[in-house]
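# Summary of structural features
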Amino acid sequence: MTSSTTTRSAWERTTRTQRALRDLTSAVEQDPTSLHEAVRRARTETFGTLDMLLREAHAQWVRTFDARLDALMENGAYGDQEAVDALWTETSQALPGTARLLDAYADHPALVLAHAQHAQRTRHSMATELPSRWTTVSLPRHRTNEPGRWRRRALALLPH
């Protein structure tokens, strides 16, 4: 397999994944009640597992948030919790479907760990905390056997 074939295949996979995520988050943005059906469809058609889908959605969130966070850091906002909170809200407004998706599955182990890692990086780079929710809209959450158990466990595993 040549590198051009490998690169093209990787590019096609990435493009397909990004389109599927955009379709999912657009559907959720337009009709929040369709969230669980849209997630089921995206898993079946593209992502396979819920873990993979949530990691992709979280990665999209992190890329968007961190790109804007870089500008804050360049402007000397180290330790400015209010600025980071405002940026979090701006990201939620820029990615409303993604925010709803992440909030609905906030207790899922893969998402708990990914968010804990993002929060730790932000804490180290900015001396600020990240909110535990992605949006202020209250949505029915996907429940695990013991709500909150995975979040506490993931946070306990991270070095402080």
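Look up: the structure comes first, before these words.
What you are looking at is a predicted structure, and each value in this text was computed from that prediction instead of being measured.

Glancing now at the pattern of salt bridges. Within this structure, the stated rule accounts for four salt bridges. Note that Arg133 is salt-bridged to Asp103, the shortest N-O span being 3.5 Å. Residue Arg133 is found in the loop between helix H6 (109–126) and helix H7 (149–157), and its partner Asp103 is found in helix H5 (residues 96–104); the two are separated by 30 residues along the sequence. Here the salt bridges do not stand alone but share partners, grouping Glu37, Arg40 and Arg41 into one network.

This next bit is on the environment of Glu90. The topology assignment puts Glu90 in helix H4 (residues 81–94). Expressed as a C-alpha distance, the spacing of Glu90 and Thr64, which sit 26 residues apart in the sequence, is 10.0 Å.

Attention now moves to the nonpolar core. Within the largest apolar cluster, 35 residues are counted, with the highest numbers of intra-cluster contacts made by Leu24 and Tyr105. At eight residues, the largest contribution of residues to this core is made by helix H3 (residues 50–74). Discounting residues that sit within four places of it in the chain, Leu24 has contacts with Ala38, Val39, Ala42, Leu53 and Leu101.

Within this structure, the stated rule accounts for three aromatic pairs. Both rings, one in Phe65 and one in Trp88, keep their centres 5.1 Å apart while their planes meet at 70°; by these two values the pair is edge-to-face. One end of the pair, Phe65, is in helix H3; the other, Trp88, is in helix H4, with 23 residues separating them in the sequence. Pair check on accessibility: Phe65 and Trp88 agree, each one buried.

A word on the environment of Arg123. Within the secondary structure, Arg123 is located in helix H6. In this structure the C-alpha to C-alpha distance between Arg123 and Gly79, which are 44 residues apart in sequence, comes to 8.9 Å. When near neighbours in sequence (up to four residues on either side) are disregarded, Arg123 contacts Thr128 and Glu129. Of the polar contacts made by the side chain of Arg123, one reaches the side chain of Glu129; its length is 3.0 Å.

A separate point is unusual backbone geometry. Negative phi characterises most residues that are not glycine, and trans characterises most peptide bonds. Despite not being glycine, Ala127 shows a phi value in the positive range, around 60°. By the secondary structure assignment, Ala127 is in the loop between H6 and H7. The exposure class assigned to Ala127 is partly exposed, which follows from its relative accessible area of 40%.

The subject of this paragraph is the packing of helix H2 (residues 35–47) against H3. Across the interface, H2 lies against H3 with an axial gap of 9 Å and an inter-helix angle of 100°. By the criterion of interaxial angle, the relationship of H2 to H3 is roughly perpendicular. In contact with Val39, Ala42, Arg43 and Phe47 of H2, H3 contributes Leu50, Met52, Leu53 and Glu56. For the contact of H2 with H3, the class distribution of residues is six nonpolar, no polar and two charged.

It is worth spelling out the packing of H3 against H6 at this point. Interaxial distance between H3 and H6 falls to 9 Å at its minimum, and their mutual angle equals 15°. Taken together, the axes of H3 and H6 lie roughly parallel to each other. Classified by chirality, the crossing of H6 by H3 is right-handed. The residues of H6 that touch H3, namely those facing Asp51, Leu54, Arg55, His58, Val62, Phe65, Asp66, Leu69 and Met73, are Ala110, Leu111, Ala114, His115, His118, Arg121, Thr122, Ser125 and Met126. The class makeup of the residues in the contact of H3 with H6 is nine nonpolar, five polar and four charged.

Cut-offs and rules
- Residues numbered from 1 in each chain as written.
- Predicted model: local features only at pLDDT ≥ 70, side-chain atom pairs only at ≥ 80, totals over all residues.
- Heavy atoms only, no water.
- Salt bridge = Lys/Arg side-chain N within 4 Å of Asp/Glu carboxyl O.
- Helix = DSSP H or I, 4+ residues; strand = E, 2+ residues; numbered from the N terminus.
- Core = buried A, V, L, I, M, F, W, Y, C linked by side-chain atoms within 4.5 Å.
- Buried < 20%, exposed > 50% of the residue type's maximum accessible area, 1.4 Å probe, protein only.
- Contact = heavy atoms within 4.5 Å.
- Phe/Tyr/Trp six-rings, centres within 6.5 Å; stacked < 30°, edge-to-face > 60°.
- Polar contact = N/O pair within 3.5 Å; in protein donor to acceptor, adjacent residues only side chain to side chain.
- Axes fitted to C-alpha atoms, helices over the stretch in contact; angles between N-to-C directions.
- Parallel < 35°, antiparallel > 145°, perpendicular 65-115°, else oblique.
- Nonpolar A, V, L, I, M, F, W, Y, C, P; charged D, E, K, R; others polar.
- Left-handed = near helix turned anticlockwise from the far one by under 90°.

In short, geometric facts, not functional conclusions.
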